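# Structural overview
Here are the chains, one letter per residue:
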Amino acid sequence: MFDLLVKGGTLPDGTVADIGITKDRIAAVGQLEAEAGRVIDATGDLVSPPFVDPHFHMDATLSYGLPRVNASGTLLEGISLWGELRDIATVEDMVNRAVSYCDWAVSMGLLAIRTHVDTTPDHLRGVQAMLEVKARVSPYLDLQLVAFPQDGLYRTKTGRQNLIRALDMGVDVVGGIPHFERTMEEGAESLRDLGRIAAERGLMWDVHCDETDDPMSRHVETMAREVTRHGLGGRAAGSHLTSMHSMDNYYVSKLLPLIAESGMTAIPNPLINITLQGRHDSYPKRRGLTRVKEMQAMGIPVGWGQDCVLDPWYSLGTADMLDVAFMGLHVAQMTHPAEMARCFTMVTETNARIMNLPEYGLTPGSLASLVVLDAGNPVEALRLRPDRLAVISRGKLVAEKARNDTRLSAPGRPATVRRRHG
Ligand code: FE2
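Residues numbered from 1 in each chain as written. Predicted model: local features only at pLDDT ≥ 70, side-chain atom pairs only at ≥ 80, totals over all residues. Heavy atoms only, no water.

For Ala89, the position within the fold is in the loop between α1 (75-88) and α2 (91-107). Residues Ala89 and Arg353 lie 264 residues apart in sequence; the distance between their C-alpha atoms is 33 Å. Residues contacting Ala89, with those up to four places away along its chain left out, are Met94, Arg97 and Arg125. (Helix = DSSP H or I, 4+ residues; strand = E, 2+ residues; numbered from the N terminus. Contact = heavy atoms within 4.5 Å.)

So, in structure tokens, the structure goes:
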């Protein structure tokens, strides 16, 4: 007897199986005949482990237009706009917006998010707010908080001190932004400093690294060195890495083996960087995405991050990791069937690996978290970005949506139309 039984779904690898859930665990996977407290019929639908977002800014989310919109559309105007907003937003404002965003996330089957929290201002209201949000959503959503010195570790008087204060308050991950420090040298020094802090405290490390079109922004090289020095491996991630797009190919041929050797992971954020990067170009305009397929070919784990929804940097977004993967697929030209399938894996399993989430997956003994999608397979899910028919978090059904086909009134045609194929 299971508490919950998900019947007849198609798993991402194409296997058709039932999933039996007892309390918060997956108890069995296969052809199951046992009784259950509740049965969810997933026949013909895709059943996947939940979506995971390894890069987000929840202190800024759902604030679009406050106090004004980003007129130039650049990263730098976004940073200065946020600098105004963070000093007028109350803890309550930030908590309310973030919790609303978490509701969106749950409805989309997104059940784990790593969010960077700006530790620049002395008041640390963002940190206080995000710690409160983390505690509030913890029964159903995994939040990891990154201490993120948005204005630079050394560029403000109290930047370093406030990052340490945030870690002392319980923030989980060490951040960084070397390309925003005053000089290349100070950027490199910030990485040596932050890598040491992460190693000494036994914390993970996730750096906004080289988010610029400047091909000479080579901080990822120093980061990889520090990851290797401290043996941080897969507990360290380089976010964005956009300068690699513009780097000299010969240099990249030296760089990628160093990144691979370190064991660190990479998190490009395609929705944001396709809009922010290349703004200083005329034509041709650069795409603003790091070298995804090339890193994957070297064995470097690469996920897709969302970064922003309705904030000073990005005016759109729906908490749908399939939108993120869809954009990434296009910009990185990952159109081979195996590459498209990999894009789905990137926003599920790979992102879970990047966040070092224990007990993730659809195997017996794992936490019973999953999503049922109105699609036949992962590639179809990317094409349709379909309804999430059911979302289960740790054994509890946390979101449901009725299948919604469009009714047709065309003479001689079927009554309803579905965009599923095959
Ligand atoms: Fe970011």
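Right, let's talk about the packing of α2 against helix α3 (residues 125-137) for a bit. Viewed as axis vectors pointing N to C, α2 and α3 meet at an angle of 40 degrees, and their least axial separation amounts to 9 Å. As far as their axial angle goes, α3 and α2 are oblique. Here the hand of the crossing between α2 and α3 comes out right-handed. Touching Val91, Met94, Val95, Ala98, Val99 and Cys102 of α2 are Arg125, Gly126, Gln128, Ala129, Met130, Glu132, Val133, Arg136 and Val137, all from α3. Broken down by class, the residue content of the contact of α2 with α3 amounts to 10 nonpolar, 2 polar and 3 charged. (Axes fitted to C-alpha atoms, helices over the stretch in contact; angles between N-to-C directions. Parallel < 35°, antiparallel > 145°, perpendicular 65-115°, else oblique. Left-handed = near helix turned anticlockwise from the far one by under 90°. Nonpolar A, V, L, I, M, F, W, Y, C, P; charged D, E, K, R; others polar.)

Here we take up the domain arrangement of the protein. The domains assigned to the protein are domain 1 (2-49 + 361-406) and domain 2 (51-354). Centre-to-centre separation of domain 1 and domain 2, based on C-alpha positions: 30 Å. On the side of domain 2, 23 residues touch domain 1, which itself brings 20 residues to the contact. Here domain 1 meets domain 2 over a buried area of about 1600 Å², counting both sides, of which 69% is carbon and sulfur. At the surface where domain 1 touches domain 2, the tally comes to 3 salt bridges. With a shortest N-O distance of 2.6 Å, Asp142 and Arg394 are connected by a salt bridge. (Domains from an automatic or database assignment. Buried area = accessible area lost by both parts, 1.4 Å probe. Salt bridge = Lys/Arg side-chain N within 4 Å of Asp/Glu carboxyl O.)

With that settled, consider the sheet that holds strand β7 (residues 110-118). Strand order across the open sheet formed by 7 strands is β6-β7-β8-β9-β10-β11-β12, with parallel pairing between neighbours. In the strand order of this sheet, the two ends are held by β6 (51-56) and β12 (265-267), each with one partner. Relative to β7, β6 runs parallel, the two sharing 4 bridges. Paired with Val52 across the two strands is Ala112, which belongs to β7. Packing of helix α5 (residues 184-201) onto the sheet brings it into contact with β9 (173-174) and β10 (204-209), and relative to β10 it is tilted by some 160 degrees. (Pairing = 2+ DSSP bridges.)

With that settled, consider the coordination of the iron ion. Protein-derived ligands of the iron ion are His55 (NE2), His57 (NE2), His208 (NE2) and Asp307 (OD), with the metal-ligand distances lying across 2.1 to 2.4 Å. Taken together, the 4 donor atoms coordinating the iron ion span angles of 84 to 174 degrees at the metal, a pattern that classifies the geometry as irregular. Read in sequence order, the donor residues for the iron ion give the motif H-x1-H-x150-H-x98-D. Here His208 lies in strand β10 and His57 lies in the loop between β6 and α1, a separation of 151 residues in the sequence. A single burial state applies to His57 and to His208, both of which are buried. (Donors = N, O, S within 2.8 Å, 3.2 Å for Na, K, Ca; no water. Tetrahedral: all angles 85-135°; square planar, octahedral: opposite > 155°, others 65-115°. Buried < 20%, exposed > 50% of the residue type's maximum accessible area, 1.4 Å probe, protein only.)

What the rule picks out here adds up to 4 aromatic pairs. Their ring planes at 15 degrees and their centres at 4.4 Å tell us that Phe56 and Tyr101 sit as a pair that is stacked. Placement of the pair is Phe56 in strand β6 and Tyr101 in helix α2, with a sequence separation of 45 residues. On the basis of an interplanar angle of 50 degrees and a centroid distance of 6.4 Å, the ring pair of Tyr101 and Trp104 is categorised as tilted. Separated by 3 residues within a single helix, Tyr101 and Trp104 lie in helix α2, roughly one turn from each other. Trp104 sits in the partly exposed class, given a relative accessible area of 32%. Each residue in the set Phe56, Tyr101 and Trp104 is aromatic and connected to the rest through ring pairs, giving one cluster. Looking at Arg218, its charged tip hangs above the ring of Tyr251, at a distance of 3.7 Å from the centre. (Phe/Tyr/Trp six-rings, centres within 6.5 Å; stacked < 30°, edge-to-face > 60°. Lys NZ or Arg CZ within 6 Å of the ring centre and 35° of its normal.)

So, on to the environment of Gly187. With respect to the helices, strands and loops of the structure, Gly187 is situated in helix α5. Remark: the alpha-carbon pair of Gly187 and Leu153, spanning 34 residues in sequence, is separated by 8.7 Å. Aside from chain neighbours lying at most four places away, what touches Gly187 is Pro178, Glu181 and His219.

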